[in-house]
Amino acid sequence: GTGTLTAPSGDVYQGEFRQGKFHGQGVYEFTNGDRYEGEFQDGVMAGQGTLMSANGDRYEGQFSNNTFNGEGVYLYQDGERLEGNFEDGEFAGS
């Protein structure tokens, strides 16, 4: 089903659930101002998504286990751009 969950930390998730976990499409808003919109699998960011950081940076692409994994584009707020493959949150090259 779908719903909203507010964590004890103040983070808020709105979206699809399966067996009590985030699963499917959803939006997760962190108390620090970061925001993730995209796919979740078994409670973690996984699949296609966009993470917008409070500082203005933005990542669009593949996620696995709550981090950048696969093809994606990282856009820094100052205009710098990294496009290619990411592994465990790090840019691995184009």
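For every chain, the first residue of its written sequence is number 1, and the numbers climb from 1 along that sequence. Residues qualify for local features only when their pLDDT is at least 70, as the model is predicted, and side-chain atom pairs are given and counted only at 80 or more; totals for whole chains, interfaces and linings, by contrast, use all residues. The basis for every side-chain value is the complete set of non-hydrogen atoms in the structure, without hydrogens or water.

## What about the pattern of salt bridges?
Then step 1. Here, a salt bridge means any side-chain nitrogen of Lys or Arg that lies within 4 Å of a carboxyl oxygen of Asp or Glu. Summed over all chains, the structure comprises 5 salt bridges.
Then step 2. Glu37 is paired through a salt bridge with Arg35; the nearest N and O atoms lie 2.7 Å apart.
Then step 3. Residue Arg81 pairs with Glu83 through a salt bridge whose shortest N-O separation is 2.8 Å.
Then step 4. Judged by relative accessible area, Glu83 falls into the partly exposed class, the value being 44%.
Then step 5. In this structure, a network of salt bridges that share partners links the residues Glu29, Arg35 and Glu37. Throughout this description, buried means an accessible area under 20% of the type-specific maximum (1.4 Å probe, protein chains only), exposed means over 50%, and partly exposed covers the range between.

## A closer look at the pairing of strand β4 (residues 35–41)
Then step 1. Two strands pair when backbone bridges link them, and strand β3 (residues 21–29) and β4 are joined in this way by 6 bridges, in the antiparallel orientation. Residue pairing across strands places Gln25 opposite Glu39, the latter belonging to β4.
Then step 2. When DSSP finds two or more bridges between a pair of strands, those strands are recorded as paired. Put simply, DSSP H or I for four residues or longer makes a helix, DSSP E for two residues or longer makes a strand, and each gets a number counted from the N terminus. Counted along the chain from β3 to the antiparallel partner β4, the turn is 5 residues long, and its residue Gly33 has a positive phi close to 100 degrees.
Then step 3. Examined bridge by bridge, β4 and strand β5 (residues 44–52) share 6 bridges and lie antiparallel to one another. Across the sheet, Arg35 pairs through a bridge with Met52, a residue of β5.

## Thoughts on unusual backbone geometry
Then step 1. Located in the positive-phi region is Asp42, a residue other than glycine, with phi close to 50 degrees.
Then step 2. Within the secondary structure, Asp42 is located in the loop between β4 and β5.
Then step 3. The partly exposed category is assigned to Asp42, whose relative accessible area is 48%.
Then step 4. One non-glycine residue with positive phi stands out, namely Asp88, at about 50 degrees.
Then step 5. A residue is classified by how much of its surface remains accessible, and Asp88, at 63% relative accessible area, is exposed.

## Topic: the nonpolar core
Then step 1. Buried Ala, Val, Leu, Ile, Met, Phe, Trp, Tyr and Cys residues form a nonpolar core when they are joined through side-chain atoms within 4.5 Å. Counting 14 residues, the largest nonpolar core has Tyr36, Phe40, Phe63 and Phe68 as its most contacted members.
Then step 2. Those elements that place two or more of their residues in this core are β2 (12–18), β3, β4, β5, β6 (58–64), β7 (67–75) and β8 (81–87).
Then step 3. Residues count as neighbours in contact if any of their non-hydrogen atoms are within 4.5 Å of one another. What Phe40 contacts, discounting residues up to four positions off in sequence, is Tyr13, Phe22, His23, Gly24, Gly26, Val27, Tyr28, Met45 and Ala46.

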